[in-house]
Amino acid sequence: MAESTPNHTQTVSGWAAHDSSGIITPYTFKRRENGVNDVTIQILYCGICHTDIHHVKNEWGITRYPVVPGHEIVGLVTKVGTQVRGFKQGDTVGVGCLAASCLECEYCKTDQENYCDNLQFTYNGVFWDGSITYGGYSEMLVADYRYVVHVPENLAMDAAAPLLCAGVTVFTPLKDHGLVESQGKSIGIVGLGGLGHVAVKFAKAFGHHVTVISTSPSKQAEAKERLGADDFIVSSNPKQMQGAKRSLDFILDTVSAEHSLLPLLELLKVNGTLFIVGAPDKPFQLPAFPLIFGKRSVKGGIIGGIKETQEMLDVCGKHNITCDIELITPDRINEALQRLANNDVRYRFVIDIAAATSASN
């Protein structure tokens, strides 16, 4: 493995963490030349994901420093390889979590690249040429076109950026359970953060009855009046939880903090499904009785394949769905990461890379 290989000749300005302090500083590095299957992208906006915190601080023990985070990337195509299909110079495009996969396994061949054993991520991965991947906290990216998607022109580019991770993470479970095409189901969304607020928007756009389940009573007005949720349950209130037993067809759990599954399972109808997309540090306790006495299922998943990501963006274009964001300049990345760790954002930070680029010119 190498930070770069001989064809990495393009000098790029970005922002990186160099040790487990997680402090982000300006960093100049090399990217590869645009290959036959590549598109070069001028990055305009990049979302900040909670995963970025884990990587810059090496909380998962897998970080390769220096790490340039960022996998919620939106920008413009500036160069197109000779074998690229479907993209042209000037297109508005997005890059999410995926940089490479084997292209040969059953999952790659069925548009589930996100479950490929040889999946490599947009940052902190190892590309086909052996180089370490650097993400979207930078002014330019070279990406294999098979892992690039079109961003609908009617969506604001900054507010669309987090859809590349947060959006597809909550869209795919809804699609997998027939909740994009069908209507009238009762859906619970656990947690009203970066993932949860997008999930509420999707579920309402698809015509479902949406209940937000949260530990924070203060979020009720936001959930119902602004995001359009139909009901709100304070999960620490036994009376409210008891009153909602067996009322939900499907629950999407977006919470990454430690929490109990038992009370959530009791909210599901017979045959209901609890789908987990949050990743708490400690293992869940999975009680048997709510499962076997309610014929309930517990599942989980990460992001989605490229085809699903494009479908999700097209749906967002149709329904005009974007994320609620706070736009920041790169000199505020460290502040934003700390605030994100404290859940002090409504609901997603996005870095204005374009502002930094224009300021340096």
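Here, every reference points to the structure presented above.
Owing to the predicted nature of the structure, the values given are computational and were not obtained by experimental measurement.

**A closer look at the overall build of the protein**
Along its length, the protein carries 11 helices and 17 strands. Radius of gyration (C-alpha) of the protein: 20 Å, near the 21 Å computed for a compact globule of 361 residues. Taken over the C-alpha atoms alone, the protein extends approximately 60 × 40 × 35 Å along its principal axes. Relative to all contacts within the protein whose residues are 6 or more apart in sequence, the contacts with residues 24 or more apart total 67%. On the protein, roughly 15500 Å² of surface is accessible, and the fraction owed to carbon and sulfur atoms is 50%. Computing the positive centroid from 31 side-chain charges and the negative centroid from 38, the protein places the two 6 Å apart.

**Comments concerning the pattern of salt bridges**
On inspection of all chains with the given rule, the structure shows 19 salt bridges. In this structure, Glu72 engages Arg348 in a salt bridge whose closest nitrogen and oxygen atoms are separated by 2.7 Å. Note that Glu72 is positioned in the loop between helix 1 (50–56) and strand 4 (73–80) and Arg348 in strand 17 (residues 348–352), a separation of 276 residues in sequence. Accessibility classification places Glu72 together with Arg348 in one group, the buried group. For Glu326, the salt bridge is made with Arg339, and the minimal N-O distance between the two is 2.9 Å. Taken as a pair, Glu326 in strand 16 (residues 325–328) and Arg339 in helix 10 (residues 333–341) lie far apart in primary sequence, 13 residues in all. Residue Glu326 is classed as partly exposed on the basis of its relative accessible area, which comes to 23%. What emerges from the salt-bridge pattern is a single network uniting Lys201, Glu222, Arg226, Asp324 and Arg346.

**Concerning the packing of helix 3 (residues 166–176) against helix 9 (residues 306–319)**
Look at helix 3 against helix 9: their axes get within 10 Å of each other, and the N-to-C directions meet at 95°. With respect to helix 9, the element helix 3 is oriented roughly perpendicular. Contact residues: helix 3 offers Gly167, Val168, Phe171, Thr172, Lys175 and Asp176, while helix 9 offers Glu308, Thr309, Glu311, Met312 and Val315. Residue composition of the contact of helix 3 with helix 9, by class: four nonpolar, three polar and four charged.

Conventions and cut-offs
- Residues numbered from 1 in each chain as written.
- Predicted model: local features only at pLDDT ≥ 70, side-chain atom pairs only at ≥ 80, totals over all residues.
- Heavy atoms only, no water.
- Helix = DSSP H or I, 4+ residues; strand = E, 2+ residues; numbered from the N terminus.
- Rg over C-alpha atoms; globule rule 2.2 N^0.38 Å.
- Contact = heavy atoms within 4.5 Å.
- Areas by Shrake-Rupley, 256 points an atom, 1.4 Å probe, with all protein chains shown as cover.
- Lys, Arg positive; Asp, Glu negative; His and termini not counted.
- Charge placed at Lys NZ, Arg CZ, Asp CG, Glu CD.
- Salt bridge = Lys/Arg side-chain N within 4 Å of Asp/Glu carboxyl O.
- Buried < 20%, exposed > 50% of the residue type's maximum accessible area, 1.4 Å probe, protein only.
- Axes fitted to C-alpha atoms, helices over the stretch in contact; angles between N-to-C directions.
- Parallel < 35°, antiparallel > 145°, perpendicular 65-115°, else oblique.
- Nonpolar A, V, L, I, M, F, W, Y, C, P; charged D, E, K, R; others polar.

None of the figures reported here should be taken as evidence of function without further support.
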